[in-house]
Amino acid sequence: MSVALVDGNNFYVSCERIFDPTLEQRPVVVLSNNDGCAVSRSNEAKALGVRMGAPWFQMRDLARKHGIVALSSNYALYADISRRMMAVLAQFSPNQEIYSIDECFLGMDGFGRHDLAEYGQQIRRRVGQWTGIPVCVGYGATKTLAKLANHVAKKGLAGTDGVCDFGRMSAGDRSSLFSQIAVGEIWGVGPQLTQQLTARGIGTVEALRRADPKVLRREFSVTMERIIAELNGDSCVDLEDATSAKQQILSSRSFGQYVSDLASLEEAVASYVAIAAAKLRQQGSIAGRVQVFIRTSPFRQDLPQYAQAVTIPLPTPSDDTLLLTRAARWGLRRIYRAGYEYQKAGVMLMNLLPAEIRQQDMFYVARNSDALMTVMDRINGIWGRGTLRSAAEGITRAWGMKRKRMSPRWTTRWAEVPRVRCLP
Amino acid sequence: MSFRHRNLPRYPLLSAPVPAGFPSPATDFTEESLSLDEHLIEHEEATFFVRVTGHSMTGFGIHDGDLLVVDRAHPPADRQVVIAVIDGAFTVKQVCRIPDGVLLRSHGSGKGDILVSDEQELAVWGVVRWAIHRV
């Protein structure tokens, strides 16, 4: 197997820069929901020492001193630019697995006659020109190696220029490169595993690659054995078809401010159901179960803590927002406890099936809601999400996200398209 | 085997309407309705819309308030109207190659033209393909 991992550099910041050239060369951060933490940083912001996940209120002094620009997350923009970027990347391979909003794997089997390094530069040029997003490309014999090669390309290690192909390195060069990379940079090795591996004397990629997979399997898990095999070029994780429908759909958010009353929680949960159900219909599925969860903030140990989830099976699988909302509210009332400051709620649609194989239930006559849902999706597609919604979602939405520094939705709202002046 | 078909309308199993009249003789000849997207957009992934303010491009048929269809994938050629970035701001100009460098023209009069020397960096953001003007 040969596979490429293409990843947008500082993706959210890069999206913001497409439509605001004044952000070029400046330190920029994009903040998480409710303007909480830095979730994307320009290279200039990284150089100033802004760490991933750093809370904004702790950065204020640094920001003032160096003129750091902080922006709220503009998800409508990022999703649209991501869609464009993925469509351009799909031109470069018949097999694409979209892995996250800003990265995808491309199958490279049969591309042996291409100069992959040059092909990678071509990818970078086209994505850059067409969408404005700078990307890096990593090639490897496995997904884990491609991820690692992308990391090398992004950091500019080993003299790479945005593209890194492990296949073209000699075994010796690769070993010495792997000896310089911390084990925590490997796909699937999180902070906790990094700590455990380092304690065992396995601190670098090379050390893990040479470790005994059978021994580590006993000590850790079968996943660790797989990681070692992948580092040695034995592919254990295939490319997943990008078009395969999701098995679960999650919609959850942190609240703008803590919420303690049931009515506000019900509104929030209803609106998450609406988002998830729209996605469900888009992929042509129906859900058999709805899970609802609520929790207080784990970072406020000074407040009473509570977290609970409940799963509600539906009488018959459905994609009807109103039916799913009713189930979710029923569940919410069962897990809700008064006297807590809730910080987050969410909804997960589970046991998904293709809508075409929907069965009629002899004893339960479902309302024919297809027409209503189609109208709802169309209206919300034209005038924006939430234009037509169930009354359960509420009118005022005091629990909504704080996004004080959000840029316009340049590509998804007619009223917000960029204005371009013709100078005299 | 896949049972999923995207974008197909879904009908309830038991209540699909059964047409009873004379079948339309035109059904074998139906074609897709004309699409403006298809007409105006060459590279969907690379096409963006912007709104014009100002009157200086009237000579090129671009008026105040027009909607421009901008294609970033289209290679910029001489004498093409483009969205350029000058001093961190977007502007609509015609690019002209001249012996001294590149001239960004507003319109025929020469007023407001900008000469970009070889040392200066000119960023062409995208090529303007259409101006949509309300009559």
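Please refer to the structure placed before this passage.
Residues numbered from 1 in each chain as written. Chains lettered and ligands numbered in written order. Predicted model: local features only at pLDDT ≥ 70, side-chain atom pairs only at ≥ 80, totals over all residues. Heavy atoms only, no water.

Draft legend 1. View of the nonpolar core. The biggest cluster of nonpolar side chains holds 54 residues, and the ones touching the most others in it are Ile123 of chain A together with Ile83 of chain B. When residues of this core are assigned to their parent elements, the largest contribution, seven residues, is made by helix α4 (residues 75–89) of chain A. Not counting the four nearest positions on each side in its chain, Ile123 of chain A is found in contact with Val6, Leu89, Phe92, Leu106, Val137 and Tyr139 of chain A. By size, the runner-up hydrophobic cluster in this structure holds 29 residues, among which are Tyr272, Leu280, Leu324 and Leu352 of chain A. (Core = buried A, V, L, I, M, F, W, Y, C linked by side-chain atoms within 4.5 Å. Buried < 20%, exposed > 50% of the residue type's maximum accessible area, 1.4 Å probe, protein only. Helix = DSSP H or I, 4+ residues; strand = E, 2+ residues; numbered from the N terminus. Contact = heavy atoms within 4.5 Å.)

Draft legend 2. View of unusual backbone geometry. All names here are of chain A. Here the phi dihedral of Gln25 falls at roughly 65°; this positive angle occurs in a residue that is not glycine. Within the secondary structure, Gln25 sits in the loop between α1 (11–19) and β2 (28–31). Backbone geometry places Ala158, a non-glycine residue, at a positive phi of 55°.

Draft legend 3. View of the pattern of salt bridges. Residue and element names in this part refer to chain A. Counted under the stated rule, the structure contains 20 salt bridges over all chains. The shortest N-O distance in the salt bridge between Glu97 and Lys143 comes to 2.7 Å. On the criterion of sequence distance, the pair formed by Glu97 in strand β5 (residues 96–100) and Lys143 in helix α6 (residues 143–155) is long-range, its members being 46 residues apart. In this structure Lys143 comes out as buried when scored by relative accessible area, which is 1%. A salt bridge links Arg209 to Glu206; the nearest nitrogen and oxygen atoms lie 2.9 Å apart. Taken together, the positions of Arg209 and Glu206, both in helix α9 (residues 205–209) and three residues apart, correspond to about one turn of that helix. (Salt bridge = Lys/Arg side-chain N within 4 Å of Asp/Glu carboxyl O.)

Draft legend 4. A look at the environment of Val69 of chain A. All names here are of chain A. Structurally, Val69 is set in strand β4 (residues 69–72). Overall, Val69 belongs to the buried group, its relative accessible area being 16%. Through-space distance from the C-alpha of Val69 to that of Ile249 is 33 Å; in sequence the pair is 180 residues apart. Ignoring anything within four residues of it in the chain, the contact list for Val69 reads Leu23, Arg26, Pro27, Val28 and Val29.

Draft legend 5. Broad picture of the sheet that holds strand β7 (residues 135–140) of chain A. All names here are of chain A. The mixed open sheet is built from five strands, whose spatial order is β5-β6-β1-β7-β8. Edge strands, defined here as strands with exactly one partner in the open sheet, are β5 and β8 (163–165). Taken pair by pair, the neighbouring strands of this sheet meet at an average axis angle of 15°, ignoring direction. Of the pairings in the sheet, the one linking strand β1 (residues 3–8) to β7 comprises six bridges and is antiparallel in character. Note on β7: the bridge partner recorded for Asp7 is Cys136. Along the sheet, α4 contacts β1, β5, β6 (103–107) and β7; its crossing angle with β6, the most-contacted strand, is approximately 15°. Along the sheet, α6 contacts β1, β5, β6, β7 and β8; its crossing angle with β7, the most-contacted strand, is approximately 140°. (Pairing = 2+ DSSP bridges. Axes fitted to C-alpha atoms, helices over the stretch in contact; angles between N-to-C directions.)

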